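This is what each chain is made of:
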Amino acid sequence: MSETHPSICRFCPAHCGVLVTVEDGAVTKVTGDPDNPLYLGYSCPKGRALPEQHANPLRLLHSQKRGEDGAHRAIASDRAMDEVAAALSDIIERHGPRSVALYVGTNSLPYAPAPGLANAWLRAVGSPMFFTSNTIDQPGKQIAAALHGAWQAGEQDFRTADTWLLVGLNPVISKSAGVPNQNPAQRLKDAVGRGMKLIVVDPRRSETSKRAHIHLQPRPGEDPTLLAGLLHVIIAEELYDHDFTDVNVEGFAELSEAVRPFTPEYVARRADVPREQLVEAARVFGKAARGGCSLGTGPNFAPHGNLSEYLSLCLNSICGRWSRAGDPVLRANVMLPPFTAKAQPHAPYRAWGKGEKLRVRGLTDTAAGLPTAALADEILLPGEGQVKALLCLGGNPMMAWPDQRKAFAALQELELLVSIDIEMSATARLAHYVIAPKLTLETPGMTLPAEMLKYFGHSIGHSKPYAQYADKAVDPPAGSDLVEEWEFFYGLSQRMELTPQLVGFYGWGRHIESPPRLIPLDMENKPSSEDLHAALCEGSRIPLDEVKQHPHGHIFEEVAPRVEPRDPDCEVRFAAGHPDMLRELDEVHREDYASAWGDARRPFRLIPRRHNDFLNSSGRSIAKLSARRPHNPAFLHPDDLNELGLESGDAVRIHSAHDSIPALVESDATLRRGLVSMTHAFGGLPTEEDEARFREIGSNTGRLVSSEAEYDSITGIPRMGAIPVALERLREGEGEGEGEGEGDGG
Ligand SMILES: Nc1nc2c(c(=O)[nH]1)N[C@H]1C(S)=C(S)[C@@H](COP(=O)(O)OP(=O)(O)OC[C@H]3O[C@@H](n4cnc5c(=O)[nH]c(N)nc54)[C@H](O)[C@@H]3O)O[C@H]1N2
Ligand SMILES: Nc1nc2c(c(=O)[nH]1)N[C@H]1C(S)=C(S)[C@@H](COP(=O)(O)OP(=O)(O)OC[C@H]3O[C@@H](n4cnc5c(=O)[nH]c(N)nc54)[C@H](O)[C@@H]3O)O[C@H]1N2
Ligand code: SF4
Ligand SMILES: [Mo]
């Protein structure tokens with residue numbers, strides 16, 4: 001028997017509305033849902049591979065326990081919870097609650113109750129050690145918002161904007177920010193078709209920049225310089241919004257002074273872009289009536305990510321690029337509680353130096369969360385507070401954490417490592433217990449987590465008052481023993497006799513309109529997944545029952561509120577002259593960029609890129625997605641390959657100052673010269689056996705990153721982009737195990 005259900009794809013944060021075909025209890029087909037009013041039938045290869053993901057022969061159908069011999073064997077999920085709870089209680093007794101840490105990765109987002117219950121469990125344990133992938137992603141967004149202030153009504157609408165400036169992101173592939181993430185390629189085509197002038201800053205001619213009116217292709221990592229240059233021109237030519245700035249911005253004079261040295265000549269020379277193009281970009285952005293500037297992982301992985309994000313907010317603010325009184329509220333709360341957005345800022349708030357202090361590098365809790373790049377150090381460093389147990393929820397430290405070799409040492413040092421994962425990921429291979437969860441189409445889903453994304457930064461998330469709820473479409477495979485993520489933390493709480501309170505709307509969206517709601521849980525009678533979804537939606541603007549009336553999703557236009565005017569007595573203003581940020585800008589100006597760019601020892605820069613068929617490390621095990629190219633090539637400009645005497649398919653060893661990895665090169669004429677562009681989250685463990693397989697599984701770029709040589713002093717994010725590297729040719733059969741643990745000596 002075949003039936004079709006409307007549902008939500010949760011493979012990536014775009015949360016597209018899809019149609020799921022179920023035959024004989026198994027998912028056989030997933031397509032875009034033409035009746036979905038927001039996504040209009042769109043889907044991507046990852047979403048269409050949901051049947052293969054659910055039926056993946058490599059998927060775990062039983063939790064696993066590692067034996068004395070190092071091999072993993074199936075264990076009943078109840079038994080696994082008993083043993084993990086006992087081990088944790090023992091560790092807490094011996095080492096205190098801080099010795100237990102939780103790491104939440106990207107694949108917690110699909111399961112609305114999961115991160116909130118995991119966080120609640122950790123709070124009940126009494127440990128502050130809550131880490132997420134956010135601080136190895138774009139933490140500059142939340143730091144900048146804290147220092148500068150966030151606009152209550154959000155940015156202007158892309159669909160009516162005259163210009164948009166995208167710096168170091170590629171939303172056509174990543175569905176990340178800037179361009180609305182519902183079929184971004186089409187949204188971009190529509191916008192450019194009606195005359196929007198798109199400006200893209202990317203060292204690569206990306207899928208997104210193909211539609212650009214102006215594409216600046218600078219040296220990577222020069223984003224602070226470039227943004228300061230745009231501000232310089234806009235201020236010098238008086239293209240900013242005087243009225244808006246007068247009312248809403250403080251520190252304009254200090255900002256003007258700070259960007260004064262960033263003349264077009266200086267910026268053009270330093271970032272290596274044509275001067276006229278830079279000035280033209282500033283004029284287009286400054287003269288437009290409506291628009292916005294959004295940043296992505298490019299500038300956030302390069303040094304000075306906070307500063308780049310801060311300058312982009314200043315650029316938006318002095319140009320008045322925020323929704324005005326009378327505009328429809330762009331990201332109105334639907335499954336979140338009602339909120340009246342006014343045309344005024346939330347006041348700046350504390351960005352760091354609060355909460356838990358880490359024992360290394362002077363790091364503290366921040367507006368972006370605890371610095372994940374230092375978690376490996378917290379595991380390795382002996383002494384009071386040392387982390388002995390780590391639980392990973394939907395994350396893969398061995399693929400994603402910077403400084404892979406250090407992460408490897410740390411995870412092996414743990415007394416207890418638990419990974420909640422659908423497969424034997426690189427991290428799971430090291431885990432004492434691997435908890436096998438249900439998959440998205442086997443659980444209810446809703447768009448509340450995607451709605452939350454707007455709190456993470458500029459122009460992210462749904463751009464209409466949209467919501468969808470989907471019941472589970474199928475049961476888990478017969479004979480499997482799977483628990484939902486939240487059930488695991490509920491089960492631990494029961495066994496450890498804790499009374500956690502479910503954290504509504506998550507614990508880490510820091511400038512949210514109301515503090516996270518704590519929802520008491522019945523620890524006697526286990527709630528259902530549906531109960532918890534309902535509890536999370538209590539008090540929502542649109543009651544969950546009403547959302548459920550629209551199985552294909554619905555745009556609640558009828559309640560779309562308008563932005564209210566600024567309160568007459570409101571004195572809050574954006575801070576455009578934050579002394580710390582302007583000091584950092586001055587440091588940038590004093591950098592010896594010429595020597596840095598002229599360093600012959602490492603003449604190339606390694607930069608990140610994302611792949612349409614994978615979400616970080618997810619999808620690599622699905623044959624339908626990875627069959628064509630299971631490794632991650634090192635892309636170089638054809639002229640660079642020529643000069644190095646290399647051809648596509650040749651093997652090289654890439655050396656950073658910290659470590660080295662083998663890779664296969666591939667020609668890519670969309671790059672500027674002097675770059676190596678490579679996708680992260682590939683390869684295996686930093687062992688000789690895994691490294692020898694680089695031709696099949698690729699290599700892990702995180703191994704080239706040092707977590708302590710160069711890092712942001714607030715969020716601890718190391719230099720993960722614009723990494724100086726050198727290339728060395730490998731001959732057939734070479735590359736196995738060379739360069740173990742050492743850099744290139746330079
Ligand atoms: N060098 C370098 N490092 C990077 C980046 C980079 O570009 N370059 N990117 C950074 C960024 S932006 C991020 S967000 C982080 C990502 O960091 P992580 O979130 O730690 O890494 P992922 O690879 O996304 O890990 C997802 C894990 O979830 C598992 N999974 C998939 N589906 C499910 C599910 O339904 N349930 C559960 N429980 N698990 C599931 C996958 O098998 C995988 O092991 O990496 C960061 N690290
Ligand atoms: N298909 C797919 N979608 C994804 C993901 C995925 O892995 N695959 N990952 C998800 C996650 S976790 C995240 S955080 C988002 C990220 O989403 P994005 O930030 O859009 O990430 P990318 O697509 O890698 O785009 C980064 C762009 O920055 C450019 N760049 C590199 N270095 C620099 C630099 O120094 N300066 C500038 N200006 N540009 C630079 C690169 O050439 C690239 O085009 O995507 C999400 N969506
Ligand atoms: S864009 Fe994301 S949510 Fe949409 S179909 Fe692709 S993977 Fe699924
Ligand atoms: Mo990310």
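Procedures and definitions
Residues numbered from 1 in each chain as written. Chains lettered and ligands numbered in written order. Predicted model: local features only at pLDDT ≥ 70, side-chain atom pairs only at ≥ 80, totals over all residues. Heavy atoms only, no water. Phe/Tyr/Trp six-rings, centres within 6.5 Å; stacked < 30°, edge-to-face > 60°. Helix = DSSP H or I, 4+ residues; strand = E, 2+ residues; numbered from the N terminus. Buried < 20%, exposed > 50% of the residue type's maximum accessible area, 1.4 Å probe, protein only. Lys NZ or Arg CZ within 6 Å of the ring centre and 35° of its normal. Core = buried A, V, L, I, M, F, W, Y, C linked by side-chain atoms within 4.5 Å. Contact = heavy atoms within 4.5 Å. Domains from an automatic or database assignment. Buried area = accessible area lost by both parts, 1.4 Å probe. Salt bridge = Lys/Arg side-chain N within 4 Å of Asp/Glu carboxyl O. Polar contact = N/O pair within 3.5 Å; in protein donor to acceptor, adjacent residues only side chain to side chain.

**Comments concerning the packing of aromatic side chains**
Phase 1 of the analysis: Applying the stated criterion to the full structure yields 13 aromatic pairs.
Phase 2 of the analysis: A centroid spacing of 5.8 Å and a plane angle of 40° characterise the contact between Trp322 and Phe574, whose relative ring orientation is tilted. Placement of the pair is Trp322 in the loop between helix 14 (305–318) and strand 14 (345–346) and Phe574 in strand 26 (residues 574–575), with a sequence separation of 252 residues. With respect to class, Trp322 is no different from Phe574; both count as buried.
Phase 3 of the analysis: Judged by centre distance (5.6 Å) and plane angle (85°), the ring pair of Phe614 and Phe682 falls under edge-to-face. One end of the pair, Phe614, is in the loop between strand 27 (604–608) and helix 24 (623–626); the other, Phe682, is in the loop between strand 31 (675–678) and helix 26 (688–692), with 68 residues separating them in the sequence. The two residues Phe614 and Phe682 agree in class, both being buried.
Phase 4 of the analysis: Among the aromatic residues, ring-to-ring pairing joins Trp151, Phe244, Trp322 and Phe574 into one connected group.
Phase 5 of the analysis: Its guanidinium or amino end placed over the ring of Phe285, Arg321 lies 4.9 Å from that ring's centre, counting from NZ or CZ.
Phase 6 of the analysis: For Arg609, the ring lying beneath its charged end belongs to Phe635, and the centroid distance is 4.1 Å.

**Some remarks on the nonpolar core**
Phase 1 of the analysis: With 66 residues, the main nonpolar core has Leu165, Leu230, Ile234, Leu255, Leu315 and Ile318 as its most contacted residues.
Phase 2 of the analysis: With residues near it in sequence (within four places) discarded, Leu165 still touches Ile199, Val201, Leu230, Phe285, Gly292, Cys293, Ser294 and Leu315.
Phase 3 of the analysis: Counting residues in each nonpolar core, the second largest holds 60 residues, with Met81, Leu122, Leu391 and Met523 among its members.

**Brief notes about the domain arrangement of the protein**
Phase 1 of the analysis: Taken as a whole, the protein is organised into domain 1 (63–135 + 352–435), domain 2 (156–321 + 574–580) and domain 3 (598–729).
Phase 2 of the analysis: Domain 1 and domain 3 are separated by 27 Å when their C-alpha centres are compared.
Phase 3 of the analysis: On the domain 3 side, the residues contacting the 25 residues of domain 1 number 32 residues.
Phase 4 of the analysis: Overall, the association of domain 1 and domain 3 removes approximately 2,300 Å² of surface from exposure, summing both partners, and the carbon and sulfur fraction of that is 53%.
Phase 5 of the analysis: When residues of domain 1 are sorted by the area they lose upon contact with domain 3, Met399, Gln404 and Arg405 head the list and together hold 27% of the total.
Phase 6 of the analysis: Our enumeration of links across domain 1 and domain 3 arrives at 3 salt bridges.
Phase 7 of the analysis: The residue Asp659 makes a salt bridge to Arg405 at a minimum N-O spacing of 2.8 Å.
Phase 8 of the analysis: The interface formed by domain 1 and domain 3 contains 16 residue pairs in polar contact (both at pLDDT 80 or more).
Phase 9 of the analysis: When residues of the side of domain 1 that touches domain 3 are traced back to their parent elements, those giving at least two are strand 16 (364–366), helix 16 (397–400) and helix 17 (404–413).
Phase 10 of the analysis: In terms of residue count, the dominant contributor to the side of domain 1 that touches domain 3 is helix 17 (4 residues).

**Examining helix 11 (residues 264–271)**
Phase 1 of the analysis: When you tally the buried positions in helix 11, you get 6 out of 8 residues, the bulk of the element.
Phase 2 of the analysis: Taken residue by residue, helix 11 has Pro264, Tyr266, Val267, Ala268, Arg270 and Ala271 as its buried positions.
Phase 3 of the analysis: In this structure, the buried residues of helix 11 make contact with helix 8 (223–236), helix 12 (275–287), helix 22 (579–590) and helix 23 (593–598).
Phase 4 of the analysis: Of the residues trailing helix 11, Asp272 is marked for its positive phi of about 60°.

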